[in-house]
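Understanding the architecture of this molecule
If you want the building blocks of each chain, they are given just below.
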Amino acid sequence: SSFPSSSLPPPPHTNAMTNKPFLLLIIALSSLSFSSTALYQASSVAFTSTHRHNLNRRHQRSLRHHFTLAFVKNNESTTKKTTMLTTTKQATSSDMSDAEAYNEMMSAAVDLKDVYVRNGYVAATRSVRDIDSNSRRSFLYSIPLSTTLQQKEASEPFIIPPAELPTKIKARIPSPSGFKLAILVEETIPAPDGSESKRFVFEIWTNYGHSLSNRIVLPKEKHGKVCTDFEWFGGISWSPDESALVYNAEIPTPKTTSFFDSAQSADKSIAGGQYTLGVGKSEDWGEKYTSTAMLALFCVNVDTGNIGIVDNVPGSSLRKDTTSTDGGYVLGQAIFSPCGKSVVYTGWDAGEGGEMPRRLGAIYCFQRPCKIYSSPVSGLLNQLAKSDNESSEVAKDEPFICITPNDRLSRSPRFSKAAEDTAKLAYLCNTKGFDTHGGCMALRVVDWSMIKGEIVHISQKTLVDVVSLPGERGDTVQVAGLHFPGLFLNQLPEDCFSSDLNHIVATSEWGSVNKIIAISLKDGSVTPINFDLLGTNNNADSSQRFLCFAEDGGAIVAQSEVHRPTVLGYLQPSFLQNGNDIAQSRLLAKLPPISATSHSSMYLRNSVDTGMGYSYRIFNVQPTHGVVKVPVGGVLLLPDNCEDEKLPIIVVPHGGPHTAMPTSFERAGASYGFLCKHGRYAILHVNFRGSTGFGQAALESLAGTAGSQDVLDVVAATRHVIEMGLVDPERVGVCGGSHGGFLAGHLIGQHPELFKVASMRNPCMNIASMVTATDIPDWCYVETLGPGKYNWSDYRTPTKEELGVMWDKSPIAHLDNVKAPTLIGLGMMDKRVPPSQGLEYFHAVRAKNVPAKLLVYEDCDHAIDRIKSEADFWINTKQWFDEHL
């Protein structure tokens, strides 16, 4: 009874209850007086005698592992053996279906956003997968900071059970004092004819969130959809006096009619403009931004409900043209200045600035030209504060000012609190910019005059400059075997200034980990913040994230490891004075699993303490090839109790390519943890040169060498793990998406003797046929031809010679060598890597009589992140490796 039949599946096309060798195994299981050796032999004989030829190697290895764990000593008592059997069942999850095992991992994931502290409580929103409804659900946690409420001496922190947030709630923005809370709601309005329409509403809650004081319907004639993409374009900010909000939204598209509409002249609609790009059809920002074209800034008074556009901005002259959405600037990341006289924001060139003749994909592309601007808004705010918005004329606000005119890239403006007559404005910038999709940023600060409502120009100071090679600043501290590599972050935290105005605190990629750092406002020195919320003594390898400051000057932080889901913690206010010593910290919350599907079972448990059934280690490999000799990072996952096994290994080069795989559960674990624990595969994540977090020189060394340097980096890391003696060199697979799929194709083509099986997700396989169909043609030029080869000011198609180089550096060029069984998953709405790329490769591989399988997800884009499709892909991937590896 300790081994239910589901835990030991019979070979294909057999009946366990009528098969004599399988019955022999069951008899052996029920007779626990057998020695462990005898039972192991009985099981081996039973399966070898008639069925070994029907079992692939994965079935055999699973059985051997199961019995090796269950019977560790010949002289143990029957009771001890029974206990070990039961424990083994839970530890290895061998009796779980693929669906149950996948649910276990996904249910443990902790995706946190909108974390802030008000009135002694930490508010955090957790997003979880719901496979059954093919959607994500959001839960709001309220966690007390008080040590009394936290039950300091208790074994587990006390947290209030979460409340589910309705899907119509798109944002929750607390005011600086916490007295007011703005909630952005997207409502569905039914019409008499049965149709439905959408509208946005700001709900203004007062009395610390207890009283709904105002509902402000945002009229469609003012603007379109409010931008809630707070990872990049979006931003909603309170004014210092808490009377107004600034936000960004789509400008209204021109009115259009058919040529055959008799009423076309009545409302000055544009006849025949429905299908014209820039009129009825907006030019979007590519993958994930298909409904984003032109964003403008708006202010709303939370008492009167009056709304007005911020008109003194770059591109405003074009915005007055109601017949087109071409050109101009996209405006976002807006915040009020501490004096309340101006809004400061980021403006992206959308055609008017001369570097965007064709709008390119924006998501994960952090080199799109942008600058920081300020616009005075006192006149606008005074007008909106009047109950009768049209009652009197208001003096026009002064023109906008470009704060960063000399920087090709500048974004993420953040203000400190005011000290006497000045505050500080911090932002990320890169004066030269870079052609790659990611790169190292500098951190700059400038004083802000509270009296004039503008920057003090002579006060501008670069705290941290771009770092070419780790250690070149003279830093002595190392993290993950690497000196400080520079700042690799997309945005600064909203609340990043310490209360004493001596430091900026942020999270940056540092090699293969995410690390919280403190940056001195005095001299720009960078200090990693060390702490351990779980007492595992693994502070150096875990990924940690700064979320916000607490009201007492302490910090709210998150900590995660590859095999441990995220937990929330608190750092004492003294953490900024600790230097490199371990900061005093307190665990605030372990967030238990929330089941992702009806496949939930007793297996769901909080595995923060024990881990999720596998361990990990990180390492660096010094490459011998290439010009820039910066280490290649590796993160290796190993299933528990694997000491006596030669594991098959799945190598995972990340996508991007200018991103990195950190040691966090939500990134490097979860899906890959499912393969590691339930499939018993070693998993190797490779941060090849070109990854973020290893210095700008290493990152840019990939440009022009894609398909060669990155391929050799992955091979070097793989051979390094093989030399450790932990894995079977004859059973090496590769799994990757996007650029990771590009590398998977290269690896099975250039090194077919090493990589025996592949699983790919929206892979780029033929750059020559991709370059004119993707939303990122710049990637095709830069990664194959090198930096400076894409003309940002003049869009053109590639030459015959350039197409030849692109083809030579594509996986398709090595197709003749491919013999690895290949699984390909495609999102048919992908604008980044067109589905034709994977289709082309699938048909070519299948025509060679190489085993191939194609997964088609009609409603998915590049990420294949629709919940059911994501689950389907990963379970298919696991079963593909089970069959062929």
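Residues numbered from 1 in each chain as written. Predicted model: local features only at pLDDT ≥ 70, side-chain atom pairs only at ≥ 80, totals over all residues. Heavy atoms only, no water.

Section: the overall build of the chain
Heads up, the rule is: Secondary structure elements follow DSSP: runs of H or I of four or more residues count as helices, runs of E of two or more count as strands, with numbering from the N terminus. The contact definition used throughout considers only heavy atoms, calling two residues in contact when any of these lie within 4.5 Å.
Per the secondary structure count, the chain includes 17 helices and 40 strands. A separation threshold of at least 6 residues defines the contact pool for the chain, and within that pool the share at least 24 residues apart is 66%.

Observations concerning the sheet that holds strand S31 (residues 564–571)
Strands in a sheet are paired, the pairing made by backbone hydrogen bonds, and the direction either parallel or antiparallel. Short version of the rule: Any two strands between which DSSP finds at least two bridges are classified as paired. Angles shown run from 0 to 180 degrees and are taken between the N-to-C directions of axes, each axis being a line fitted to C-alpha atoms and, for helices, limited to the stretch in contact.
The four strands lie next to each other as S29-S30-S31-S32, forming an open sheet whose pairing is antiparallel. The strands lining the two open edges of the sheet, one partner per strand, are strand S29 (543–549) and strand S32 (585–590). Strand-to-strand twist across the sheet, computed as the mean angle between neighbouring axes with direction ignored, equals 30 degrees. The pairing of strand S30 (residues 555–561) with S31 spans six bridges and is classified as antiparallel. Paired with Ala558 across the two strands is Leu568, which belongs to S31.

Observations concerning the pattern of salt bridges
Close approach of charged atoms lets side chains of opposite charge pair. Quick note on the threshold: By definition here, a salt bridge exists when the distance from a side-chain nitrogen of Lys or Arg to a carboxyl oxygen of Asp or Glu is within 4 Å. The cut-offs for exposure are 20% and 50% of the maximum accessible area for each residue type, with area from a 1.4 Å probe on protein chains only; residues under the lower value are buried, those over the upper are exposed, and the others partly exposed.
Inspection of the entire model under this criterion finds 28 salt bridges. Residue Asp861 is joined to Lys288 by a salt bridge in which the shortest nitrogen-to-oxygen separation is 3.2 Å. Taken together, the positions of Asp861 in the loop between strand S40 (852–857) and helix H17 (867–884) and Lys288 in the loop between strand S12 (270–271) and strand S13 (295–301) put the pair 573 residues apart, joining distant regions of the chain. The class of Asp861 is buried, set by a relative accessible area of 17%. Owing to a relative accessible area of 35%, Lys288 belongs among the partly exposed residues under this scheme. Arg796 is the partner of Glu802 in a salt bridge, and the nearest nitrogen-oxygen pair spans 2.9 Å. Under the relative-accessibility criterion, Glu802 is labelled buried at 14%. The network of salt bridges with shared partners includes Glu187, Arg199, Glu203 and Arg215.

Some words on the sheet that holds strand S8 (residues 211–218)
Spatially, the four strands line up as an open sheet ordered S5-S6-S7-S8, and their pairing is antiparallel. Every interior strand has two partners, whereas the edge strands, strand S5 (169–174) and S8, have only one. Along the sheet, successive strands turn relative to each other by an average axial angle of 25 degrees, direction set aside. Where strand S6 (residues 181–190) meets strand S7 (residues 196–206), 10 bridges bridge the pair, whose relative direction is antiparallel. Pairing of Ile183 across the sheet is with Glu203, part of S7.

A look at the confidence of the model for the chain
Defined as follows: By definition, pLDDT measures how confident the predictor is in each residue, and it falls between 0 and 100.
For the chain, per-residue confidence averages 86 on the pLDDT scale, and residues scoring 70 or more make up 85% of the total. Counting contacts from residues 1–92, a segment whose pLDDT is below 50, to residues more than four positions away or on other chains yields 116 contacts.

Topic: helix H7 (residues 378–385)
Of all the residues in H7, the buried ones are Gly379, Leu380, Leu381, Gln383 and Leu384. Buried positions along H7 lie against strand S10 (244–250), S13, strand S14 (307–309) and strand S15 (329–336).

Topic: the packing of helix H5 (residues 98–108) against helix H9 (residues 671–679)
Keep this limit in mind: Throughout this description, any angle smaller than 35 degrees is read as roughly parallel, any larger than 145 degrees as roughly antiparallel, any in the 65 to 115 degree range as roughly perpendicular, and the remainder as oblique. Helix crossings get a hand from a simple test, with the near helix turned counterclockwise from the far one by less than a right angle marking a left-handed crossing and a clockwise turn marking a right-handed one. In this classification, Asp, Glu, Lys and Arg are treated as charged, Ala, Val, Leu, Ile, Met, Phe, Trp, Tyr, Cys and Pro as nonpolar, and every other residue, Gly included, as polar.
Axis separation between H5 and H9 bottoms out at 9 Å; the angle between their running directions is 130 degrees. Judged by the angle between their axes, H5 and H9 are oblique. Where H5 crosses over H9, the handedness of that crossing is right-handed. Of H9, the residues touching H5 (which contributes Asp98, Ala101, Tyr102, Glu104, Met105 and Met106) are Ser671, Gly673, Phe674, Lys677 and His678. Per-class residue counts for the contact of H5 with H9 are five nonpolar, three polar and three charged.

As for the packing of aromatic side chains
Note the following rule: Side-chain rings of Phe, Tyr and Trp (the six-membered ring for Trp) are treated as a pair once their centres are within 6.5 Å; stacked means planes under 30 degrees apart, edge-to-face means over 60, and tilted covers the remaining angles.
One pass over the structure, following the stated rule, counts 22 aromatic pairs. Between the aromatic rings of Trp232 and Phe366, the centroid separation amounts to 5.2 Å while the plane-to-plane angle is 70 degrees, which identifies the pairing as edge-to-face. Pair noted here: Trp232 is in the loop between S8 and strand S9 (237–238) and Phe366 is in the loop between strand S16 (342–349) and strand S17 (370–376), with a separation of 134 residues, a long-range link. Look at Phe549 and Phe575: their rings are 6.4 Å apart centre to centre, the planes differ by 35 degrees, and that puts the pair in the tilted class. Residue Phe549 is located in strand S29, and its partner Phe575 is located in the loop between S31 and S32; the two are separated by 26 residues in the primary sequence.

Quick notes on the pairing of S29
Of all seven residues that make up S29, six are buried, and the element is covered over most of its length. The loop that links S29 with its antiparallel partner S30 comprises five residues; one of these, Gly553, has a positive phi angle of about 95 degrees.

Concerning the packing of helix H11 (residues 709–723) against helix H12 (residues 739–750)
Relative orientation of the contacting elements H11 and H12 amounts to 75 degrees, with a least axis distance of 10 Å. Considered as vectors, H11 and H12 are oriented roughly perpendicular to each other. When H11 is examined against H12, the residues Asp710, Val711, Val714 and Val715 are found in contact with a partner set consisting of His739, Phe742, Leu743, His746, Leu747 and Gln750. Grouping the constituent residues of the contact of H11 with H12 by class yields six nonpolar, three polar and one charged.

What to know about unusual backbone geometry
Put simply, Gly656 and Pro657 share a cis peptide bond, and its omega is 5 degrees. Residue position: Pro657 is located in the loop between strand S35 (647–653) and helix H8 (665–668). Phi is positive for Asn119, which is not a glycine, with a value near 55 degrees. Its location among the elements puts Asn119 in the loop between strand S1 (111–118) and strand S2 (121–130). Even without a glycine there, the phi angle at Ile864 is positive, about 45 degrees. Relative to the elements of secondary structure, Ile864 occurs in the loop between S40 and H17.

Examining the nonpolar core
For the record, the criterion: Working definition of a nonpolar core: buried Ala, Val, Leu, Ile, Met, Phe, Trp, Tyr and Cys residues. They are joined through side-chain atoms within 4.5 Å.
With 97 residues, the main nonpolar core has Phe202, Phe233, Tyr247 and Tyr841 as its most contacted residues. It is H11 that provides the largest number of residues to this core, a total of six residues.

Regarding the side chain of Ser237
As a reminder of what qualifies: Each polar contact in these results corresponds to two N or O atoms within 3.5 Å; when the atoms are within protein, one needs to be able to donate a hydrogen and the other to accept it, and residues that are neighboring in sequence are counted only if both atoms are side-chain atoms.
Within the secondary structure, Ser237 is located in strand S9. One polar contact links the side chain of Ser237 to the main-chain amide nitrogen of Phe336, over a distance of 3.4 Å. Excluding its chain neighbours within four sequence positions, the residues that come into contact with Ser237 are Ala244, Leu245, Val246, Ala334, Ile335 and Phe336.

Structural notes on the environment of Val467
The topology assignment puts Val467 in the loop between strand S23 (461–464) and strand S24 (478–479). Judged by its relative accessible area of 0%, Val467 falls in the buried class.

As for the environment of Asn301
Assignment of secondary structure puts Asn301 in strand S13. Between the C-alpha atoms of Asn301 and Ser243, which are 58 residues apart in sequence, the distance is 5.9 Å. In contact with Asn301, not counting residues within four places along its chain, are Ile216, Ser243, Ala244, Asn306, Leu384 and Ala385. A polar atom in the side chain of Asn301 sits 2.8 Å from the backbone nitrogen of Asp303.

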